[in-house]
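# Inside the fold
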2 protein chains.
Amino acid sequence: MSKIASLVPESLKASKPSLIRVLNNKYGSDPEVVNLTVGEPDFKTADHVKLAAIKSILDDHTHYPHNWGTPGLRSAISEYLADDLDLHYDPEGEIFVTEGASGAISTIIAGLCQPGDVVLIPCPAYTLYRINAELRDAKAVELETAEPDFKVTPELLKKALDKYGEKVKVLVLNYPVNPTGVTYTPDEVRALADLLKNYNVAILDDEIYADLLYEGEHLPMAKLLPDQTLYVSGVSKNAAMTGWRVGYICGPHDVLGALAKVHQAAISTNATMNMDAAEEALRHGKADTAQMKAEYDRRRQFLMTAMDKIGFHYTKPMGAFYLWVKIPDSFDGDSMAYAEHLAEKAKVAIVPAAAFTKLPVRYFRISYAASMEKLKRAVDGLAKVFAEDGSFYD
Amino acid sequence: MSKIASLVPESLKASKPSLIRVLNNKYGSDPEVVNLTVGEPDFKTADHVKLAAIKSILDDHTHYPHNWGTPGLRSAISEYLADDLDLHYDPEGEIFVTEGASGAISTIIAGLCQPGDVVLIPCPAYTLYRINAELRDAKAVELETAEPDFKVTPELLKKALDKYGEKVKVLVLNYPVNPTGVTYTPDEVRALADLLKNYNVAILDDEIYADLLYEGEHLPMAKLLPDQTLYVSGVSKNAAMTGWRVGYICGPHDVLGALAKVHQAAISTNATMNMDAAEEALRHGKADTAQMKAEYDRRRQFLMTAMDKIGFHYTKPMGAFYLWVKIPDSFDGDSMAYAEHLAEKAKVAIVPAAAFTKLPVRYFRISYAASMEKLKRAVDGLAKVFAEDGSFYD
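The structure displayed is predicted, hence computed values, not measured ones.

Going through the model one piece at a time under the given rule, you end up with eleven cavities of 30 Å³ or more. Here the largest cavity is characterised by a volume of approximately 620 Å³. Looking at the largest cavity, it is lined by 39 residues, and the ones nearest its centre are Ser106, Ala110, Arg136 and Val262 of chain A together with Ala110 of chain B. Those elements that place two or more of their residues in the lining of the largest cavity are helix H1 (10–14), helix H5 (100–112), helix H6 (128–135) and helix H10 (253–267) of chain A together with helix H1 (10–14), helix H5 (100–112), helix H6 (128–135) and helix H10 (253–267) of chain B. The residue inventory of the lining of the largest cavity, partitioned by class, reads 18 nonpolar, 16 polar and five charged. The volume enclosed by the second largest cavity comes to roughly 500 Å³. In this structure, the second largest cavity is lined by 34 residues; those nearest its centre are Tyr64 and Ser268 of chain A together with Ser102, Tyr126 and Leu128 of chain B. The biggest single contributor to the lining of the second largest cavity is H5 of chain B, with four residues. Here the lining of the second largest cavity is composed, by residue class, of 14 nonpolar, 13 polar and seven charged.

Take helix H2 (residues 19–27) of chain A next. Within H2 of chain A, the full set of buried residues consists of Ile20, Arg21, Leu23, Asn24 and Tyr27 of chain A. Down the axis, H2 of chain A shows its buried residues gathered within 165 degrees of arc, on one side only. Taken together, the buried residues of H2 of chain A touch strand S1 (34–35), helix H13 (335–346), strand S11 (348–349), strand S12 (351–352) and strand S13 (363–367) of chain A together with H10 of chain B.

Attention now goes to the interface of chain B and chain A. Counting residues at the interface gives 83 residues for chain B and 84 residues for chain A. Between chain B and chain A, roughly 6800 Å² of surface is buried when both sides are summed, and carbon and sulfur atoms account for 55% of that area. The three residues of chain B that bury the most area against chain A are Lys3, Leu7 and Tyr64 of chain B, which together make up 11% of that side's buried surface. Here chain B is connected to chain A by six salt bridges. Our count for the chain B to chain A interface comes out at 51 residue pairs in polar contact (both at pLDDT 80 or more). Broken down by secondary-structure element, the contributors of at least two residues to the side of chain B that touches chain A are H1, helix H3 (47–58), H5, H6, H10 and helix H11 (272–284) of chain B. Here the side of chain B that touches chain A is composed, by residue class, of 39 nonpolar, 26 polar and 18 charged.

Residues and elements named next belong to chain B. Among the secondary structure elements, histidine 263 is positioned in helix H10. Assessed through its relative accessible area of 2%, histidine 263 is described here as buried. From its side chain, histidine 263 meets the backbone nitrogen of glutamate 99 in a polar contact 3.2 Å long. For histidine 263, the residues in contact, after removing those within four places along its chain, are Phe96, Val97, Thr98, Glu99, Gly103, Thr107, Ser268 and Asn270.

Its rotation angle being 180 degrees, the transformation that places chain B on chain A also includes 0.0 Å of axial translation and leaves an RMSD of 0.0 Å. Such a combination of turn and shift is consistent with a two-fold rotation axis. Relative to the rotation axis, the C-alpha of isoleucine 54 of chain B is the closest in chain B, positioned 2.9 Å from it. Looking at chain B, 100% of its interface residues are interface residues in chain A too, so the copies touch through the same face.

Basis of the calculations
Residues numbered from 1 in each chain as written. Chains lettered and ligands numbered in written order. Predicted model: local features only at pLDDT ≥ 70, side-chain atom pairs only at ≥ 80, totals over all residues. Heavy atoms only, no water. 1 Å grid on protein atoms, 1.4 Å probe; cavity = no way out; pocket = protein on both sides within 12 Å on 5 of 7 lines; lining within 4 Å. Points joined across faces, edges and corners; volume = space filled by probe spheres on them. Helix = DSSP H or I, 4+ residues; strand = E, 2+ residues; numbered from the N terminus. Nonpolar A, V, L, I, M, F, W, Y, C, P; charged D, E, K, R; others polar. Buried < 20%, exposed > 50% of the residue type's maximum accessible area, 1.4 Å probe, protein only. Arc of directions from axis to C-beta. Contact = heavy atoms within 4.5 Å. Buried area = accessible area lost by both parts, 1.4 Å probe. Salt bridge = Lys/Arg side-chain N within 4 Å of Asp/Glu carboxyl O. Polar contact = N/O pair within 3.5 Å; in protein donor to acceptor, adjacent residues only side chain to side chain. Least-squares fit on C-alpha atoms with pLDDT ≥ 70 in both.

Here is the structure:
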C-alpha cells in the first residue's frame, strides 16, 4: 500500500467499476466467446466524417477551441435538433459541447447536486448515473419499474418525488432505454411531463438513442418542458463515433452557464478536430444513420425471431440496440450467475441485470451492435444451453 | 430566469470563470490590441504528429479505447519519462491518460478531497486548482509567497501543514511556475521533500512545463517522493498540442486505481486518435520541443532586455513561457486596473495577478507564447505608457 493510499475516501474505494467494462475486459479477448457486452456500434465512422477530421488537422485546428465548443459544431447541433426533433436551442448560450454524453451526465449531476441531495433513476439504467451521484456524495435512488417493459410511471415517480421532496435535484430520463430497448410513447412522455411540471426538479434527459427508434414515435421531453429539461445527446451512437468523445447539453441559458463552469473546471474544453468531425456528422450524416439503423433493425428482427423459436422471453425492443431477455425461472441463481453460465456453456458474453440495478432483476442485456455472423453464433449457443438446461418459465 | 435556475448551488453561482478566458474573449478579437493573455503555444502541432493522427483515423481507430488510455500511449509516456526525467512508471497500473492536464487536476482534487478538506496552493497559481477545490466544497488555502520570486518555502509550507493538520489532502506544486516563470532548484525541491515526507498529504505535482526550462536543472518531486506524488503532465505545452487534450497522471498503483474510477465516471475515456497523436509526439517529438524551446528562449531574452530598458521590474524567468512583471508603485490602482490601463493605453492585453491569487499582488503576467512581431509591438506600447505615466518604483 502506498503512503497516500489512506487518503482515498472510503466511498471511492467502495465504488465499483462498471460491470460492463469488467465483463468486456474478461471476455473481449477470448476468441471462443461471442462478446455481446458493449453498447458500441460495430460500424466504422463514415469516410466523409473522417475526411472532415483530417481536413481539420491539416488546417491546423490544433489549438484551444472555445470552452463551450466550436461555434461551427454548436450551430450544427442547433440545426440538427431543429430539423430532427423540432427542438430549438440558441447556439449562443443554450448549447455546450461535452466530452461525450458521459461528460454531460457527470457535469449535470456534479453541478446540480450537493452532498445529501437525491438523484432519481428509473432502473434498470446505465450505471454512470448512479456512479456520478455517489461520487458527488448524493443519494442515487433507484425507481423500481415493473416487468415486462420496465418503464417508470407517473404514479411511481410521484411517490418518489413526494417522499424525497426538495432533496431531489435531478431526475434521469433515458429513452430509448439502455438496457431494455423499450421507449416511452408520446402519451407516456406527456403524462410524465404533466406530473414533472409541478416539481422544481431538473430532468437529465438522455436521448442519445433518439435516432435509433425502429417502431413508434419519439417525443423529446425537452419539447414539452424546455424550461426544466437538460437535453443530453451526442454522436457516439447515431454516427458510430464512440472513440471521438463528443456529446452535448442543451437547456436553459442560466443553468447551462453554471454547468459550463463545471465542465470547464473538469477538462477545460473538448478537442478541436474531434468537434470538427462531429460537425460534419451532424450536418451530412443522416444517410449514414439511416443505413446503420436499417441494419440494426434487421438484427433486431432476427434476434426476436430466434428468441421466440428458442423459447426465451424478452421485452419487446423498440429502439437503441439492445435486447432485454428474461432468465428462465428454471435457472437457480441470480443474473450474474446466469451471465457466467452463458459465458461458460453457450460461449456468449452478455450483461446481467445486476449491471443496471441493485434490485434482483432476472434479466440480461444482449447488445446487437454486433455483426450478424456473431449474432448467429450467439443464438446457436443460447439455443443449445436453453435446451440442455431444460429451461422453462413458470 | 428558468424554472430550474434555483437548483444551481450558491457556490457554483459564485464561482467565477477564469479571468484569463474573460480577458482573452474580450481582447482576442480586437485587432488593435496585442493579446498576450493565453498560455498557449503559437506554434502548430508538428507534421509527423498530425500524420500519426491521420493514420489513426484512416486505420479506423474510431472506437472506445481502454479507459486508462491506449496501451501504446501509456507505454510511450513510461519510456518518455524514463528517458527525459529518470522517472519510472509501469504502463500497467501506474499511468493513466486524462483529458488534458486539466482532467488530471480535476480528477485528483475531486477524487481525494471531501467537503471540508483542504487543498494547499502556493500562490500566485493557475486558477484551476482553486476552482476545482471549491467545486468539491473543499477549502483552497492560498500560501502567500514572497517577492520577488514567489516560491513556497519549507517554513511557510510547514506552518500551513501544521495549522490545517489532517484536513490537508492535497498540496499543489507546479514548476516551472505558471504564472511567474520561476522554478525550484534541485536543492529547494529536496528541502520541500524533506518536510513533506513527514506528512500524509498527496502532492499534485504539475510539471507540464518541465521540458521548457531555460536555465538551471529540473528535479521532479516525483523522483524524491514517488510514493506520495501524483505526477501530472501532458503534451499541450511541450508539443504544441493544446487542442488535442491529452494529459496524464502517474503515481502509486492503489491511488491511481481509485482516481481512474473518478476520471471514468466523468468522461469514460479520452479520444482514441488523439492519444495516437500524443504517442507519436512523445516517441518522436524531442526535436520539435527543442526547436520551440530555442525560440521561446529567444523571446524571453528579448523581453528581459526590453523590460530592463523600459524600466519595468520583473521576476527573472527560468522556464515556461511567462514573464512576471511588477506594476510600478506610481500606479494608483490594483492589478486589474493596471491590466485595463495597459489594454486601453498600450493596446496590450496581459493577465493581472488577480487572476492567480486573491491576495493583492501588484504584478502581471505576459505570455511570450506569441510571435516576436507581436512581442515587439507589445514592448513599444508598454514603453510608451511607462514613460507617459511617469512610472517609478519606490
